[in-house]
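Letter by letter, the chains look like this.
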Amino acid sequence: MGTEVQAVSPPAIASPPAPTPVPAAPALTRRASLTAVASLLDYVVKAGVSLVITPILVSGLGRAIYGIWEMLGRIVGYMAATDGRPTEALRLVISQQQGADTLTKRQSVGAAMVVWLLMVPVVLVIGGVLAWFAPYVTHAPVDRFTNVRIACAFLVVSFLFTGLASIPESVLRGMNLGYKRMGFQASLSIVAGALMVLAVHAGWGLPGVGASQIVRAFIIGICYWILVRKYVSWFSVSRPTRANVKGLLSMSVWLSVGDLVSKLLLASDVLILGWIVSPVAVTTYVLTGYAARTGLGIFVFTAGSAMPGYGGVLGQGQIDKAVKLRDELLTMTWLFVTVVSATILAWNRSFLSLWVGSRNYAGPWVELLIVLVAAQTKFIRMDSYIIDAALRPRGRVVVGAITAVATLALGVVLTRAWGILGLSLGMLLGRGIQSIWYPLIVRSCLNNPKRTMAARIATIRLALVTAALFGAACLLSRSFHPSSWPVWLGGVVLSVPVFGVLALTLGPTAEARRILLRRISHMVRGLRPRMKAAT
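Here the structure is a predicted model, which is why all the values come from computation and not from measurement. (Residues numbered from 1 in each chain as written. Predicted model: local features only at pLDDT ≥ 70, side-chain atom pairs only at ≥ 80, totals over all residues. Heavy atoms only, no water.)

Okay, the overall build of the protein chain next. When helices and strands are tallied, the protein chain shows 19 helices and 0 strands. Counting across all 535 residues of the protein chain, residues that qualify as buried make up 55%. Within the protein chain, counting contacts between residues at least 6 apart in sequence, those at least 24 apart form 86% of the total. Of the roughly 22,800 Å² of accessible surface on the protein chain, 69% is carried by carbon and sulfur atoms. (Helix = DSSP H or I, 4+ residues; strand = E, 2+ residues; numbered from the N terminus. Buried < 20%, exposed > 50% of the residue type's maximum accessible area, 1.4 Å probe, protein only. Contact = heavy atoms within 4.5 Å. Areas by Shrake-Rupley, 256 points an atom, 1.4 Å probe, with all protein chains shown as cover.)

Right, dumping it as C-alpha cells:
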C-alpha cells in the first residue's frame, strides 16, 4: 500500500481567501505556549485529583469492582466512532478557517451540530447494546449485573452530552485560544473527583460513580459556552448548506474510524487482560502504568496546543516552514520522552509502594514495556496530529486499522501465554507498524523532503542516549527505595533536571540543541504578561 493518500475535503473551506495574512511566529509561539500551559495545568490538576481519589475508589469499590470500572471506561470509549466526531472535525476545520469570513465559520459550527444530531440515535442504540452485555465482558459477579449495566448506561449518556459540550471547546481551540480556558477545566476536574468520592462514600457504588460523569458533562458544557461567547466574537450557529454538512461529515467519518482504531490500540489492553486473566489483574496493570499514562496525557495536551498554529502554516502552503517545525517538534518530543520515561523508570516502583501498596506492582519488565509503549505512543501521536492538521486522515486510519488487527492478535496470543508481560509485549510489537508507516505518510503530506545521512546518524545517536538513560534509571530503581513521600519527591525533583541536562548534552547535535533551546526560550518568553496580549 502506498503512502500517497487523497485529501479529505473540508466543508467548503479548503481554500481560504488568498490574501489572508499569516500570523507572526512570535504570536503563534505565544499562543501555543499559553495553550500548552493551560493544558498542562488542567492535566496536572486532573492527575492530582486521580492520585488522591484512586486509593479511595480502590478501597471503596474493591480491587475487582475497580477493575470493572476501568473496563467500563474502555468499553464506552469505543463509542467514539458512533458520534461522528464532529467536534474534532470542527476543530481542524476552524484552525484552517481562522482568516475566513464569519458566515463560513458559523456554518461550520452549524454543520457540526447537525452531524451530532444525526448520530444521537446511533449512539443510543449501540450504547444500549454495550450496557446490556457489559457484565459479561467484564466478568462481573451475577449479583452485580444490574449495577454494571446502570453504570455503563450512565457513561453512555455522559458520552453523548460531552460531545455536544465539546462544540464550543473545539471552536476555542481551533481559533488557537485554548489558553483562555486556563483554570476552568482544572476546577471542573476537582468537582468531578469530589462527586466520585461522594458517590463511593454514600454507598452508591458503580451507578453513583457513573452518574457523576453526567453531572460533569453538563458543567463542562455550560463553562465552555460562557468562555467561547466571551472570547470569540463571531461565535454563533448559522444554517449550514448541504455541502457544509457533507464535507464535515466526510471528515468526521474518517476521524471517527481513526478514533475507534486508536481506542482499539490504547484501550483494548485492559479488556483483553480482564477477559483472559481477571479484573484484579486489570487493577494491577492499570496502577503500574498510572505514571506512564499520566506522562502520555501531559504530552497529548501540550503537543496538541501547537497544532492549530501548525494547521495554519499548512493551510497557507508554507511547506518548508512546516518541515522545519516538524523537526523541532520531534526533537522536543524526544527530549520529553527521554526525561519523563527515565524518571518514571527510576521512581515508579517506590511510588506504587507508597501510594497503593507493593502488591499492585506488576514487576520491572512489565514496567519497562509499559514505559516503552507510552514512549512509542508519543511519537505516533505527534505524526498523527500532523496528518490530521494536513486534513488527510484517511491514510492514518487505514494504517491504524491494520495495526489494530495485528496488535489485538498479538495481545490475545501473548496474554494467554505470559499474562500481563505478554500483553505489554504484544502492544509494543503490534504498534511498530504505525511507528514505521506514519512517518512515511507525514513525509507525503510535506512533499517528501529529503533526509540526509547526517540526519539519520543524529537519530541513531538520540536513540542510544535514550537507551543509556533508561538503563541508568532501571539500576537506580533497584538500588534505592525511599520509605517516605518527602524522600521520594526529592528524588523525582532531582532526577528531572539531571536527566534533562544529560539528554541535552549527549543527544542532539550542537545545531539541533541551539534550535531547541531557542524554541524553549521563545515559549518561556511567550508566557510573560503583556499590556495587551495577542488574541
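For any pair of aromatic rings, the description consists of the separation of the ring centres together with the inter-plane angle of the planes. Within the structure shown, the criterion is met by 13 aromatic pairs. Here the aromatic rings of Phe-299 and Phe-336 are separated by 5.7 Å at their centres, their planes lie at 45°, and the arrangement is tilted. Here Phe-299 is found in helix α10 (residues 290-304), whereas its partner Phe-336 is found in helix α12 (residues 319-355), with 37 residues between them in sequence. Overall, Phe-336 belongs to the partly exposed group, its relative accessible area being 22%. Geometrically, the ring pair formed by Phe-351 and Trp-485 is edge-to-face, given 6.0 Å between the ring centres and 70° between the ring planes. Here Phe-351 is found in helix α12, whereas its partner Trp-485 is found in helix α18 (residues 485-506), with 134 residues between them in sequence. A relative accessible area of 7% places Phe-351 in the buried class. Sitting over the ring of Trp-132, Arg-149 keeps its end group 3.7 Å from the ring centre. (Phe/Tyr/Trp six-rings, centres within 6.5 Å; stacked < 30°, edge-to-face > 60°. Lys NZ or Arg CZ within 6 Å of the ring centre and 35° of its normal.)

Here the focus is the environment of Ile-150. Among the secondary structure elements, Ile-150 is positioned in helix α5 (residues 145-174). On the accessibility criterion, Ile-150 (34% relative accessible area) is partly exposed. Along the primary structure Ile-150 and Gly-210 are separated by 60 residues, whereas in three dimensions their C-alpha atoms are 8.0 Å apart.

With that out of the way, let us pick up the confidence of the model for the protein chain. Model confidence for the protein chain is summarised by a mean pLDDT of 82, while 85% of its residues fall at 70 or above. In this model, residues 1-26 is a region of pLDDT below 50 whose contacts with residues beyond four sequence positions or in other chains number 46 contacts. Across residues 531-535, confidence stays below pLDDT 50; counting only partners more than four residues off in sequence or on other chains, it has 7 contacts. (pLDDT = per-residue confidence, 0-100.)

This next bit is on the side chain of Ser-158. When you line up the elements, Ser-158 lands in helix α5. Take Ser-158: its relative accessible area is 6%, and that puts it in the buried class. Ignoring anything within four residues of it in the chain, the contact list for Ser-158 reads Gln-213, Ile-214 and Ala-217.

What follows is about the packing of helix α13 (residues 364-389) against helix α16 (residues 432-445). Where α13 contacts α16, the axes come no closer than 9 Å and their chain directions differ by 30°. Put simply, α13 runs roughly parallel to α16. Considering only the axes of α13 and α16, their crossing is left-handed. Listed contacts from α16 to Gln-376, Ile-380, Asp-383, Ser-384, Ile-386 and Ile-387 of α13 are Gly-432, Gln-434, Ser-435, Tyr-438, Pro-439, Ile-441 and Val-442. Class assignment of the residues belonging to the contact of α13 with α16 gives a composition of 7 nonpolar, 5 polar and 1 charged. (Axes fitted to C-alpha atoms, helices over the stretch in contact; angles between N-to-C directions. Parallel < 35°, antiparallel > 145°, perpendicular 65-115°, else oblique. Left-handed = near helix turned anticlockwise from the far one by under 90°. Nonpolar A, V, L, I, M, F, W, Y, C, P; charged D, E, K, R; others polar.)

In this model helix α17 (residues 453-479) runs 40 Å from its N-terminal to its C-terminal C-alpha over 27 residues, within 8% of the 39 Å that 1.5 Å per residue would give. Along α17, the residues classified as buried are Leu-462, Val-465, Thr-466, Leu-469, Phe-470, Ala-473 and Ser-477. For α17, the elements touching its buried residues are α12, α13 and α18. (Expected span 1.5 Å × (residues − 1).)

Between helix α6 (residues 184-201) and helix α7 (residues 205-231), whose axes approach to 8 Å, the crossing angle comes to 160°. In terms of axis orientation, α6 runs roughly antiparallel to α7. Regarding α6 and α7, the two cross each other, and that crossing is right-handed. On α7, the residues that touch Phe-184, Gln-185, Leu-188, Val-191, Ala-192, Leu-195, Met-196, Ala-199 and Val-200 of α6 are Gly-205, Gly-208, Val-209, Ser-212, Gln-213, Val-215, Arg-216, Ile-219, Ile-220, Cys-223, Tyr-224 and Leu-227. For the contact of α6 with α7, the per-class residue count stands at 15 nonpolar, 5 polar and 1 charged.

A complete count under the given rule lists 4 salt bridges for this structure. When the shortest N-O distance is used, the salt bridge between Arg-396 and Asp-388 registers 3.0 Å. This pair shows no difference in class: Arg-396 is buried, exactly as Asp-388 is. For the salt bridge of Glu-511 with Arg-514, the shortest nitrogen-to-oxygen distance reads 2.6 Å. In this pair, Glu-511 and Arg-514 both sit in helix α19 (residues 510-526), 3 residues apart, roughly one turn of the helix. Residue Arg-514 is classed as partly exposed on the basis of its relative accessible area of 41%. (Salt bridge = Lys/Arg side-chain N within 4 Å of Asp/Glu carboxyl O.)

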